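# Inside the fold
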Amino acid sequence: MIPTKGRYAIRLMVDLAEQSSDEYIRLDDIAERQEVSKKYLEAIVKLLVKEKLVVGVSGKKGGYKLTRDPGEYKISEILYATGISLSPVVCLEEAAEDCPRAGHCKTLPMWMEFDRIVKNFFSGITLKDLAEGLSFDNVDFQEFAQL
């Protein structure tokens, strides 16, 4: 399950992608369009700035904008920037300690395959895809499993 922080980070980034890339977009405006508390978005945007996914300026004409073209952002990158792990089990997380059961765990191969599918799925979708209204009607989900 993707936590609210991750879902809202994606919505914030999609909102920025839909706006003019030359202008800074006020967080108040994003919060209103996305129907999310500005205070909550402030915490999220700090993480995105820290990871250099967005840049912000303060002041009367301040706000936020993307640092790259929307097609260069993978959704997995946005989720990772907010501290979210896409791993289905703790033993597959990036900083996980070696599991003493790994050598004889009957379920590990299943979790490893699920982990691969999830990460490929979110790495195969860009911010541009979402901003342009990506539809899954014609998506071959087997393709994601093969990546």
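That block above? That's the structure.
Described in the following lines is the structure provided in the data block. (Residues numbered from 1 in each chain as written. Predicted model: local features only at pLDDT ≥ 70, side-chain atom pairs only at ≥ 80, totals over all residues. Heavy atoms only, no water.)

Before going further, it helps to spend a moment on the nonpolar core. In this structure, Leu12, Met13, Leu41, Leu48, Leu66, Ile78 and Leu127 are the most contacted members of the largest nonpolar core, which totals 31 residues. Once residues within four sequence positions are removed from consideration, Leu66 is found in contact with Met13, Leu16, Ala17, Leu53, Val54, Tyr73 and Leu127. (Core = buried A, V, L, I, M, F, W, Y, C linked by side-chain atoms within 4.5 Å. Buried < 20%, exposed > 50% of the residue type's maximum accessible area, 1.4 Å probe, protein only. Contact = heavy atoms within 4.5 Å.)

Take the packing of aromatic side chains next. Overall, the coordinates contain 2 aromatic pairs when judged by the stated rule. Aromatic side chains Phe121 and Phe122 sit 5.2 Å apart centroid to centroid with 80° between the ring planes, which places their arrangement in the edge-to-face category. We classify Phe122 as buried; its relative accessible area is 18%. Over the ring of Tyr73 we find Arg68, and its NZ or CZ is 4.2 Å from the ring centre. (Phe/Tyr/Trp six-rings, centres within 6.5 Å; stacked < 30°, edge-to-face > 60°. Lys NZ or Arg CZ within 6 Å of the ring centre and 35° of its normal.)

Looking now at unusual backbone geometry. Trans is the common state for peptide bonds, and a negative phi is the common state for residues other than glycine. Positive phi values are uncommon outside glycine, yet Glu35 reaches one of about 55°. Looking at the element boundaries, Glu35 is found in the loop between α2 (27-34) and α3 (38-50). Of note, Lys52 is a non-glycine position whose phi angle comes to about 60°, a positive value. Along the chain, Lys52 turns up in the loop between α3 and β1 (54-57). Take Lys52: its relative accessible area is 62%, and that puts it in the exposed class. (Helix = DSSP H or I, 4+ residues; strand = E, 2+ residues; numbered from the N terminus.)

As a further point, take the environment of Tyr24. Structurally, Tyr24 is set in the loop between α1 (4-18) and α2. Classification of Tyr24 by relative accessible area gives partly exposed; the value is 28%. Placed 41 residues apart in sequence, Tyr24 and Lys65 show a C-alpha to C-alpha distance of 5.2 Å. Not counting residues up to four positions away in its chain, the partners in contact with Tyr24 are Val55, Gly56, Val57, Lys61, Gly62, Gly63, Tyr64 and Lys65.

A separate point is the state of the cysteines. Working definition: the covalent bond between the sulfur atoms of two cysteines is a disulfide. Tallied over the entire structure, the rule returns 0 disulfides. For the unlinked cysteine Cys91, the closest cysteine sulfur is that of Cys99, found at 5.3 Å. Accessibility expressed as a relative area gives 34% for Cys91, which makes it partly exposed. (Disulfide = S-S within 2.5 Å.)

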